[in-house]
Amino acid sequence: MLIVDAIKGRFDAAFARWIERRSPVAASVRLGLGNIYVFPTLHGLVFGAMVLITFVTGVNYQNSLVLLTSFFLAVVFIVSILAAFANLSGLIISARDSEDCFSGDMAVFHLVFSDAQGAGRHRIFAQCHQAEARGFDCVGKETQLSLARQTHRRGRLPMGRVCIDTRYPLGLVRAWSWIQLHAEVVVYPRPVQGERMAIAGGDDSDSPGQARGEGDVAGLREFAQGDSIRRISWKHFASKGALYVKDRENPGESETWLSLDAYAANSLELRLANLCYDIVQMDQSGRPFGVLLHSKVLAPGTGDAHRKQALRALADYQG
Amino acid sequence: MTDKVLLQGQKLYWMLGAFAVSLLPHLVALPGSIALLVGAMLLYRLMIQWGKVPFPGKVLKAVMVLMSAALFFLEYRYLYTIETAVSFFVIFTALKLIEVRFERDCYLLICLLIYLNATKFLFEQGILWTMGQSGAILICLFALLQLNVASTSGGAFRGIAQFFRLMLICVPLVLVVFVFFPRFGPLWQFNLDTGKPQTGITDAFSPGDIAELSQSSARAFRVAFSAGSLPDRSQWYWRGLIFDEFDGRLWRQSWHLGSTALRLDGSQMPSLDGLPFYTVMIEPTQQRWGFALANSYATSADPSVSRDGLIRFQNPLDQPRQYRLFWQPEVPEVRASPHNVSDLQLPPRGGEMARQWAQERVARGIKGMDYIKDVMAFFASESFFYTLRPPRMPRDVIDEFLFEQQRGFCSHYAGGMVFLLRAAGIPARLVGGYQGGEPSADGSYLIVHQYDAHAWVEAWLPETGWRRYDPTAEVAPSRILDGLERAVQSEGSFLENTLFAARKFDGFAAVRWLRLTLDEINYGWQRWVVGYNSETQTDLLKDYLGEVSAKNLAFAMLVLGGGMVAGMILAALWLGRQGKTLSPSLRLFLRLERQLAKRGLGREPGETLRAFVGRAAAAYPGASEALTQFLKRLEFVHYAAVKDRPLREKQEMPALRKQVREVLRSIAAERP
């Protein structure tokens, strides 16, 4: 078994290199003669055997119509090779920006299939590593397809090789292509609540824990058109029946500094996870916060862009 | 991936439809119990679909297989014919249907169904059957398409447009392959026993047989003569069988005529150069003999021509066959010498009056040709009457006919004449076949019907060899010159037992026209499709290919077929490219981009035009002016108001081209 595995490993590696050479990473890939492969499916081989048997029947019984049938079926087979090829040929595949996600969530890649011809394509499947293959039909000029993939660790998850394949029209042949696109999902650490030790640097008069403890309407104002839903205090909605938002301009609120070194956990990943949790919490509270990641310092701020910047810094943090 | 998808809904119904249309034509010909079994399986599968019953378990499946096997055994015991083989296949396919659960299971079933459809052509080759079977095969393929086509639109017939487009693409390729694919003989021999009854003239022959045949307006065969070689109607004697043994009741052919061993060899054949030829398209008879004019020669090995000029096939005719024969019109006799025993044989008893009639003349010294003339004169003068309703002659066929009743048809006259000749020591034999024929609508071929069946006499004299004599012509000349219908006109017995033969209504011009036109279509079908073989292939292609050899055919097929496939690939690529054409200015930019990329200045993913051009200008200061100008114009073309873009592009293109040339020139000059 070891030998088999070794050979298989070698083969896989060689195959990966070959694919790498044939279809280099690109912003968009156009399918054509150079990158579409066609081969009969198992069903196609059964069909071929049936055609052969029909042919032999025709020859042995000297029956012209049986021969004609076998010729017709053989031609159908050949034409379905062409049709499968044509079903992929000319498609332009590009990747659209994908949203960041937390480790453990599903990373979602968006592929855009443009078909300038607009004539329609049938039952195309896309598969990206272990992500599930999804069949879809290109009907208009542009079709978007999302491939979800389970994430396990923080960092940047490239989309990797994607296999585009089709068995149109009769399922007798499979046309496929391996493509690689510039597309990655930034994976944040998984937020885990952690224990903070001493606060390193900055004004630490307020901690996220206290912020979470707010009980009354202080620091809140009534919801007005244009306020972010994220700022709604659902707790107050539940008890008072009216919508309140956490007031950004809450006087007396000061900046908070979150530091990677402030957590007690031993492993770096866990500390990053703790920090991630607090960043999410701070962002929800709406108060400005800064992040200290050893050499990297993020000035205090609020808002979605700030949050994204902070979380991406965690995702990209190298030891 | 797609493998474990449950087969249901529309896909299932199309598959069941394919099953039904593929099996139905076979069920018509198979025992009712097997039809019931197939129907039950179809119903079972539907019940599963409707949730009434689950898929059968292992035990139930085994029980069903055993029951089917028992049914098969009860129906056929140890019979092995093509029908039992098809029947077995039908049962197998029906059982397989119950197992079809996932989409992937469909493929094998559909393959089985398509093959079943193809085998139906072994039994039926008519145009209507072919259309039906083709439809069934198309439905099978369409059921496959259902598994792989866009599921978004189109209702029950979704994908039908694409399907027919695909099939239309196939048509020219199929034609090329069909016409050019080299035809060769069977890889191994089969005896196809279709279990159909034999038709036409049989090898044991009682006078009544021809009366029975004369009631059928079915086609026996068709003959097309080479240009200008159509002989006079009185010469249309199609020889099939020689009956030389008479037991007092039945005429038979003796064993040596039945065997194919007496085939003409090359030394006995005249040179065929310049001889006229004719092509016979014979309907399946389940017998081994064909029909030909006297003195015909075949160039093929199957059928072969015997020493006595008889056509013999290697296997019983189970489907229409086409064969071509050369013939010598000017030679009336068959040259082979007589067989001393069988050509003089008479039954030990019976025909005493006839023997006496012969002895009287022999005693008077009348012999040879004179005697034959006497016999013919006897038929012409006596009160013989041609009728398809002869009286019964229970005691002695020969004497009662010749001297008492004197009413009968061709086989009575021919039989009586052979008896009289042999009684006088002249070798003679009864020849069975057809006489006459009906010209087709355009006169290009003759249609010979079963009611043209005829019997006549061949007698051998040392000075003439075998020569044909037809006593019927003496009694009823119109039978020979105008055909049976005219000969029995007064009697009204023509096709009297057939209620609705189109032939009976020939009085109506429209009916006659329709009948002959349909026959012409059918003949074309049989000649060019059903009967298409290496001979037809040679006829059709010799003007184009020179020598029609397997090599030339294969070459022509590959060139034509390959050309078509290449054309399709190009079309697919061209269609894929269509609409993708970028505007000229962008193509110009891409050209520039490629040139820069070659020099290691690739455009980063997501890098804007401006940033990229800026980088390039920094790397090639000499080109920076042209680059900046180029960028400015490009941005103007593409980012100003959408409305006038094509016009702006047209105006700016010369300047853009000039700048790109400049950039490329200075890049080439500079080496950073």
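As a further point, take the overall build of chain A. Along chain A, the regular secondary structure elements total 7 helices and 17 strands. The buried share of chain A, taken over its 319 residues, is 36%. Here the contacts in chain A between residues at least 6 apart in sequence split such that 68% fall between residues at least 24 apart.

Residues and elements named next belong to chain A. Read across the sheet, 5 strands follow the order 2-11-10-6-7 without closing on themselves; strand pairing throughout is antiparallel. Only two strands of the sheet have a single partner each, and these edge strands are strand 2 (37-40) and strand 7 (134-138). Within this sheet the neighbouring strands show an average axis-to-axis angle of 30 degrees, counted without direction. Two strands pair when backbone bridges link them, and strand 2 and strand 11 (residues 173-180) are joined in this way by 4 bridges, in the antiparallel orientation. Residue pairing across strands places Pro40 opposite Val173, the latter belonging to strand 11. Those strands touched by helix 3 (residues 64-88) are strand 2, strand 6 (121-128), strand 10 (161-166) and strand 11, and its axis lies near 25 degrees from that of strand 11.

All names here are of chain A. One open sheet holds the 3 strands; their spatial order is 4-12-9, and the pairing between them is mixed. Every interior strand has two partners, whereas the edge strands, strand 4 (101-102) and strand 9 (155-158), have only one. One ladder, built from 2 bridges, connects strand 4 with strand 12 (residues 184-188); its direction is parallel. Following the sheet pairing, Phe102 is matched in strand 12 by Tyr188. Most of the contacts of helix 7 (residues 304-316) go to strand 12, to which it runs at about 95 degrees, and overall it touches strand 9 and strand 12.

Residue and element names in this part refer to chain B. Here helix 3 (residues 58-76) is 19 residues long and its end C-alpha atoms lie 27 Å apart, about the 27 Å a rise of 1.5 Å per residue gives. Across the 19 residues that make up helix 3, only a small minority, 1, are buried. Within two residues after helix 3, Arg77 carries a phi angle of roughly 50 degrees, on the positive side.

Let's shift gears to the interface of chain B and chain A. Residue-level contacts link 54 residues of chain B with 49 residues of chain A. When residues of the side of chain B that touches chain A are traced back to their parent elements, those giving at least two are helix 5 (103-120), helix 6 (127-146), helix 7 (160-180), helix 17 (509-530) and helix 19 (550-577) of chain B.

What follows concerns the nonpolar core. Residues and elements named next belong to chain B. Among the nonpolar cores identified, the biggest contains 122 residues, and Ile110, Ile114 and Cys140 are the most heavily contacted of them. In contact with Cys140, not counting residues within four places along its chain, are Ala18, Ser22, Ile110, Leu113 and Ile114. Listed in part, the 82 residues of the second largest apolar core include Leu213, Tyr323, Val431 and Tyr445.

Here we take up helix 1 (residues 2-22) of chain A. Its 21 residues place the ends of helix 1 of chain A 30 Å apart at the C-alpha level, agreeing with the 30 Å of an ideal helix rising 1.5 Å per residue. Across the 21 residues of helix 1 of chain A, 0 count as buried, placing the element largely on the outside.

This part takes up the confidence of the model for chain A. All names here are of chain A. When pLDDT is averaged along chain A, the result is 80; 83% of the residues meet or exceed 70. Averaged over each element, pLDDT in chain A is lowest for helix 4 (residues 208-212) (41) and highest for helix 2 (residues 42-60) (94). For residues 200-217, every residue scores under 50 in pLDDT, and the model assigns this stretch 29 contacts once sequence neighbours within four places are set aside.

Moving on: the pairing of strand 15 (residues 256-259) of chain A. Residues and elements named next belong to chain A. For strand 15 and strand 16 (residues 289-293), the ladder comprises 4 bridges, and the chain directions are parallel. Looking across to strand 16, one finds that Leu258 is bridged to Val291. With helix 6 (residues 268-285) bridging strand 15 and its parallel neighbour strand 16, the resulting β-α-β unit is right-handed.

Moving on: the environment of Leu109 of chain B. Residue and element names in this part refer to chain B. For Leu109, the location among the structural elements is in helix 5. For the pair Leu109 and Cys140, spaced 31 residues apart in the sequence, the C-alpha separation amounts to 9.5 Å. For Leu109, the residues in contact, after removing those within four places along its chain, are Met15, Lys96, Leu97 and Val100.

All right, on to the packing of helix 5 of chain B against helix 6 of chain B then. Residue and element names in this part refer to chain B. The interhelical angle for the contact between helix 5 and helix 6, taken along N-to-C directions, is 170 degrees, at an axis separation of 9 Å. Looking at the two axes, helix 5 sits roughly antiparallel to helix 6. Along the contact surface, helix 5 presents Ile110, Leu113, Ile114, Asn117 and Lys120, while helix 6 presents Gln133, Ala136, Ile137, Cys140, Ala143 and Leu144.

A word on the packing of helix 20 (residues 584-598) of chain B against helix 23 (residues 645-669) of chain B. All names here are of chain B. Where helix 20 contacts helix 23, the two axes come as close as 10 Å, and the packing angle between them is 10 degrees. Taken together, the axis directions place helix 20 and helix 23 in an arrangement best described as roughly parallel. Contact with helix 20, carried on its side by Pro584, Ser585, Leu588, Arg591, Leu592 and Gln595, involves Glu649, Met653, Leu656, Arg657, Val660, Val663, Leu664 and Ile667 of helix 23 and no other residues of that element. Partitioned by chemical class, the residues of the contact of helix 20 with helix 23 number 9 nonpolar, 2 polar and 3 charged.

Rules used in this analysis
Residues numbered from 1 in each chain as written. Chains lettered and ligands numbered in written order. Predicted model: local features only at pLDDT ≥ 70, side-chain atom pairs only at ≥ 80, totals over all residues. Helix = DSSP H or I, 4+ residues; strand = E, 2+ residues; numbered from the N terminus. Buried ≥ 20, exposed ≤ 12 C-beta atoms within 10 Å, placed from the backbone. Contact = placed C-beta atoms within 7 Å. Pairing = 2+ DSSP bridges. Axes fitted to C-alpha atoms, helices over the stretch in contact; angles between N-to-C directions. Expected span 1.5 Å × (residues − 1). Core = buried A, V, L, I, M, F, W, Y, C linked by C-beta atoms within 7 Å. pLDDT = per-residue confidence, 0-100. Right-handed = clockwise from strand over helix to strand, strands pointing away. Parallel < 35°, antiparallel > 145°, perpendicular 65-115°, else oblique. Nonpolar A, V, L, I, M, F, W, Y, C, P; charged D, E, K, R; others polar.

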